[in-house]
Amino acid sequence: MGDLQRGFTIANELNDKNSVIEIAGVCEGMKQWTEAAKLYQKGGLVEKAASIYIQMGMFAQANPLIDKITSPNILQMVAKAKEAEKLYREAEKAYERANDWENIIRLNLEYLENPDRAKQVFRDKCQLPQCALKIAQYCETKGAKKEAIEFLVLGGKRDNAFVIAQSHQEMDEYAKIVLKHNDKDTDEHLKIAQFYEGKSQWGKAARHYDRAEQYSKALKLYMADGEGMIPDMIDMVAKVKLDPLTHELVDYLMGETDNVPKEPQWTFKLYRAIGNVGQAVKIAVNIATQEQEMGNYKQAHDILADTFKDIRVSNMRIPHDLTQRLLTVHSYQLAKRLVKMNDHLGAARLLIRVCQNISQFPNNMVNIMTTTIGECSQSGLK
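Residues numbered from 1 in each chain as written. Predicted model: local features only at pLDDT ≥ 70, side-chain atom pairs only at ≥ 80, totals over all residues. Heavy atoms only, no water.

## Quick look at the packing of aromatic side chains
Think of a pair of aromatic rings as described by two things: how far the centres are apart, and how the planes are tilted against each other in angle. Let me state the cut-off plainly: Stacked, tilted and edge-to-face pairs are distinguished by plane angle, under 30 degrees for stacked and over 60 for edge-to-face with tilted covering the rest, among Phe, Tyr and Trp rings (Trp via its six-membered ring) whose centres lie within 6.5 Å. Counting from the N terminus, the helices are DSSP H or I runs at least four residues long and the strands are E runs at least two residues long. Relative accessibility thresholds used throughout: buried, under 20% of the residue-type maximum; exposed, over 50%; partly exposed, between the two (1.4 Å probe, protein chains only). The criterion is that NZ of a Lys, or CZ of an Arg, lies within 6 Å of the ring centre and within 35 degrees of the ring normal, and then a charge sits over that ring.
In this structure the tally under the stated criterion is six aromatic pairs. For the ring pair Y332 and F361, a centre distance of 5.3 Å and an interplane angle of 45° mean the geometry is tilted. In this pair, Y332 is assigned in helix α22 (residues 320-340) and F361 in the loop between α23 (344-355) and α24 (365-379), connecting sequence segments 29 residues apart. Residue classification places Y332 among the buried residues on the basis of a relative accessible area of 10%. When its relative accessible area of 0% is taken as the criterion, F361 is described as buried. Members of the aromatic cluster, each reached through a chain of ring pairs, are Y297, Y332 and F361. The ring of F162 is capped by K191, whose NZ or CZ atom sits 4.6 Å from the centre of that ring. Cation over ring: K262 sits above Y252, and NZ or CZ is 4.1 Å from the ring centre.

Take a look at the structure:
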């Protein structure tokens, strides 16, 4: 009938929510938005009322209803309205209630100047490529090249990240991020290896040729970098178990490559790593013998004990020579402790065993035998 005000007044006097909601729908259909919103609110459809208020720009009327809203779509409308009013903190809260993490990241980068919050939200809630790229762009504008590289990689823009790393001397950071996020990408490792090789950084190049499965090239560059890379060489050769690589590394360790023989324990560690127990035992006994002759009994004991444990774990037969040498040096180590503890009988028994193999202790023969006599005397072993 066109008498909108009378109809609205009557509707406000009704207590039947269904009727009120039905009348609100009529008002909405007639584009009487304010009356529709008020009646929806009276009928208990708070979210519907709030969405109309927000669309009409009636934020004062919408504000009391916001805490009751659960719909993500309406909360996003609230957030956008707050953002338009430059109430960025309130907008962030509304976006958070709507689980709209992407807009929270954008808000913190563009308006709140809080990149740490943006990065935290990205890592904890929303690892979308587009979010990573937003953060990367922000970091780059601020001169934070390392973080820009990380987020470009996370955003799938590795080529861009590589260019930044190359031009700003940040290849170490790029390599670290690649290793952290995708260690199996051989093409990526090859690209990094070639960069380092071009800079004559042989060790770094070798590590990435290793991960790119170009083992022969990696071994040559490890050797070019020097003896400090021997542990890496042994790890790689033990991992791939290729005979040509093993022979090449043995030649290097024996000094046939550069006429500089390396410390014998490296050859021992290589054979142990590749599982050649027999050869490892021979080398271990030889090294231990040299250490004992120099009076380095603890080092000799450690080498023999580690070899013994390796063989036992492998369920293989333990050679007699290894057992006897370990028994002797172990007895000597224990005897020294028992002497300090005044366990004269225990020390005497162990020292008698040591004296039966006294030739293994050429630097301390007199001292050991004198101590043995003293301990035997105190314990009554005439």
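## Considerations on the confidence of the model for the chain
Where we set the bar: Known as pLDDT, the predictor's per-residue confidence is scaled from 0 to 100.
Mean pLDDT over the chain: 82, with 88% of residues reaching 70 or higher. Mean pLDDT in the chain bottoms out at helix α5 (residues 59-62), which sits at 63, and peaks at α23, which reaches 95.

## A closer look at the nonpolar core
Applied cut-off: Remark: nonpolar core denotes a set of buried residues (Ala, Val, Leu, Ile, Met, Phe, Trp, Tyr, Cys) joined through side-chain atoms within 4.5 Å. Residues count as neighbours in contact if any of their non-hydrogen atoms are within 4.5 Å of one another.
If you look at the biggest cluster of nonpolar residues, it comprises 70 residues, and the most contacted ones within it are I105, M171, Y174, M233 and L249. Apart from residues lying up to four places away in sequence, I105 is in contact with A118, V121, F122, C126, C131 and I135. One finds L322, Y332, A335 and L350 within the second-largest nonpolar core, a separate group that totals 23 residues.

## Some points on the environment of P244
Structurally, P244 is set in helix α18 (residues 243-254). Residue classification places P244 among the exposed residues on the basis of a relative accessible area of 63%. Here the alpha-carbon distance between P244 and S216, two residues 28 residues apart in the chain, equals 8.9 Å.

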